[in-house]
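Each chain is listed here by its residues.
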Amino acid sequence: MDAADTVALLMSPQGRIDPYPAYERLRAFGPVVQAGPAMYAVTGYAEADELLRDSRLGVLDDALRDRFLPGWQDSPAIASISRSMLRTNPPDHSRMRRLAAGAFTPRRIAAMRDVVAAQADELIDAMLRRGAGGEPVDFLAEFAYPLPVGVICALLGVPAADRPLFRRWAADLTGVLEPVITPEELAVADRGAVELRDYFAELVAARRRAPADDLTTALVRVHDTDGERLSGDELLANLVVLLVAGFETTTNLLGNGLAVLLAHPRAADALRGHPQLAPAYVEELLRYDPPVQLTTRLAGAPVTVGGVEVPTDGWVLLLLAAANRDPRRYPEPERFDPWRAQSHPLSFGAGPHFCLGAGLARLEAQVAFPQLLRRLPGLALAAPPRHRSRLVLRGYESLPVTIDTPTPEPRHGTPAGAAGGTP
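Residues numbered from 1 in each chain as written. Predicted model: local features only at pLDDT ≥ 70, side-chain atom pairs only at ≥ 80, totals over all residues. Heavy atoms only, no water.

Engineer: So what exactly am I meant to see when it comes to the packing of helix H13 (residues 183–209) against helix H14 (residues 215–225) here?
Structural biologist: A pair of packed helices is characterised by two quantities: the angle between their axes and the separation of those axes. For the pair H13 and H14, interaxial distance at closest approach is 10 Å and the crossing angle is 80 degrees. As the angle between them shows, H13 and H14 are arranged roughly perpendicular. Between H13, through Leu203, Val204, Arg207 and Arg208, and H14, the contact on the second element is made entirely by Thr216, Thr217, Val220, His223 and Asp224. Class assignment for the residues of the contact of H13 with H14 results in 3 nonpolar, 3 polar and 3 charged. (Axes fitted to C-alpha atoms, helices over the stretch in contact; angles between N-to-C directions. Helix = DSSP H or I, 4+ residues; strand = E, 2+ residues; numbered from the N terminus. Parallel < 35°, antiparallel > 145°, perpendicular 65-115°, else oblique. Contact = heavy atoms within 4.5 Å. Nonpolar A, V, L, I, M, F, W, Y, C, P; charged D, E, K, R; others polar.)

Engineer: How do you make sense of the pairing of strand E5 (residues 295–299) when you look at a structure like this?
Structural biologist: Working note: regular strand, side chains alternate between the two faces of the sheet. By the criterion of burial, E5 is predominantly enclosed, with 4 of the 5 residues buried. Here strand E3 (residues 57–58) runs beside E5; their pairing, made up of 2 bridges, is antiparallel. Looking at E5, one finds that leucine 57 is bridged to alanine 299. (Buried < 20%, exposed > 50% of the residue type's maximum accessible area, 1.4 Å probe, protein only. Pairing = 2+ DSSP bridges.)

Engineer: How do you make sense of the packing of helix H9 (residues 113–130) against helix H11 (residues 146–156) when you look at a structure like this?
Structural biologist: It is the contact of H9 with H11, at a shortest axis distance of 10 Å, that shows an interaxial angle of 140 degrees. When the interaxial angle is binned, H9 and H11 end up oblique. For the crossing formed where H9 meets H11, the hand is right-handed. Each of Val116, Gln119, Ala120 and Leu123 in H9 lies in contact with H11, whose residues at this interface are Pro146, Leu147, Gly150 and Val151. Broken down by class, the residue content of the contact of H9 with H11 amounts to 6 nonpolar, 2 polar and no charged. (Left-handed = near helix turned anticlockwise from the far one by under 90°.)

Engineer: How should I be thinking about the side chain of asparagine 256 in this particular structure?
Structural biologist: When you line up the elements, asparagine 256 lands in helix H15 (residues 232–263). In contact with asparagine 256, other than residues within four places in its own chain, are Asp289, Pro290, Pro291, Arg394, Gly395 and Tyr396.

Engineer: Where do I start with helix H7 (residues 92–101) in this structure?
Structural biologist: Since there are 3.6 residues in each turn of an α-helix, residues three or four apart along the chain are aligned in direction. Listed in full, the buried residues belonging to H7 are His93, Arg95, Met96, Leu99 and Ala100. Along the axis of H7, the buried residues cluster in a sector spanning 165 degrees; they form a single face. Check the buried side of H7 and you find it contacts H14 and H15. (Arc of directions from axis to C-beta.)

Engineer: What am I meant to see in unusual backbone geometry here?
Structural biologist: Trans is the common state for peptide bonds, and a negative phi is the common state for residues other than glycine. Residue proline 91 is bonded to the preceding proline 90 through a cis peptide linkage, with omega at 10 degrees. Relative to the helices and strands, proline 91 resides in the loop between helix H6 (76–82) and H7. Unusually for a residue other than glycine, glutamate 332 sits at a positive phi of about 45 degrees. Inspection of the secondary structure assignment puts glutamate 332 in the loop between helix H18 (320–323) and helix H19 (358–375). When its relative accessible area of 46% is taken as the criterion, glutamate 332 is described as partly exposed.

Engineer: Mind showing me how you'd approach the packing of aromatic side chains here?
Structural biologist: Here a ring pair, both rings aromatic, is described through the centre-centre distance and the interplanar angle of the planes. Counted by the stated rule, this structure contains 12 aromatic pairs. Relative to phenylalanine 247, the ring of tyrosine 145 has its centre 5.2 Å away and its plane inclined at 85 degrees; by these criteria the two rings are edge-to-face. With tyrosine 145 in the loop between helix H10 (139–144) and H11 and phenylalanine 247 in helix H15, this residue pair connects regions lying 102 residues apart in the sequence. Per residue, the accessibility class of tyrosine 145 equals that of phenylalanine 247, and both read buried. Arranged with centres 5.7 Å apart and planes meeting at 70 degrees, the rings of tyrosine 288 and phenylalanine 336 form a pair that is edge-to-face. Of this pair, tyrosine 288 sits in helix H17 (residues 278–288) while phenylalanine 336 sits in the loop between H18 and H19, placing them 48 residues apart in sequence. Its relative accessible area of 7% is what places phenylalanine 336 among the buried residues. Site record: aromatic cluster; members linked through ring pairs are Phe166, Trp169, Tyr199 and Phe200. If you follow arginine 65 out to its NZ or CZ, it ends over the ring of tryptophan 72, 5.0 Å from the centre. For arginine 325, the ring lying beneath its charged end belongs to tyrosine 288, and the centroid distance is 4.5 Å. (Phe/Tyr/Trp six-rings, centres within 6.5 Å; stacked < 30°, edge-to-face > 60°. Lys NZ or Arg CZ within 6 Å of the ring centre and 35° of its normal.)

In short, the description is geometric, and any link to function would need to be established separately.
Next up, the structure:
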């Protein structure tokens, strides 16, 4: 099997469900390998990090879409995503990113810790009620989705009653982020894009009538004051992307992370007794099975990396999950080891497109995992979890668990004995 065949395997239904064997097959060809005409796959950490920061590589902007995706304007999903900071290059990307960045400063994120902890406790209370008597509970539906969607909706000013709407809409839309998409999948993504866009058009109108202290109101004011800084299409597109990215990635982080912890009970026990270890655990979970597996770039000029020349218009698959398991960077990379010396996994990217909400996602996971393990010490898988058939946003379709906890632990706060050192 050559590199092109291996990439085809990676994009297949089998590869989407479990991409890690294909990553290792690609790694055997070198950290950068040509995998087709003008297509290059990157599995090396240093090489991926370098390319993510290289200004000669960019995302597919309008001019490039016209060349490579004729008729893209006819797709609501592609057209909507293309107007957001996710799919634009500087200077437009920088302009839009600055407008939203104020909601994600380290100080603002740190101030949300108690709110996240309180929301996590409420969701755990509900899981305890639903799981009474040993009944299985879907961790994704009951915790991993509602926690981050509640946080991002609060930032955007989305009414709490509307939050259940977004899971299906976002799941539909995010299919458009896959490197390969069938016409049927694109039709589903288009449906999600229309529903989300219509929702935010109504929210924007509501905020014009009744401004509030939220990010939607702030962006509406920017647009209404100076349309050159943020057009109407950009306003709606970025609201959609901020919502979807604000919970899809964190939902996958929580689901993937819990599955890993339940498969490593000794490590879970250590975190249960020593919650101050949560930051290191979250970094290792991000490295070991990241919620975003890959991203793509197009070379605007020739670039040589890892001994391979990527020509102008070369299409680059940056396999972040493979880079996170590069043995040159992480010894024994296939082993989950929360005590390893971390070297900044590439799970949130790097360079200009580094995930704007990375700090918030980390905070939510750092709060959630110790609370879950402490309050639900008998948490266990009820059945094998099912992965979604997605490669870019890797996560589970469902994660059924049982709760066997005869003595419920107290709500958030430091339990007795939790202030000890590293085990």
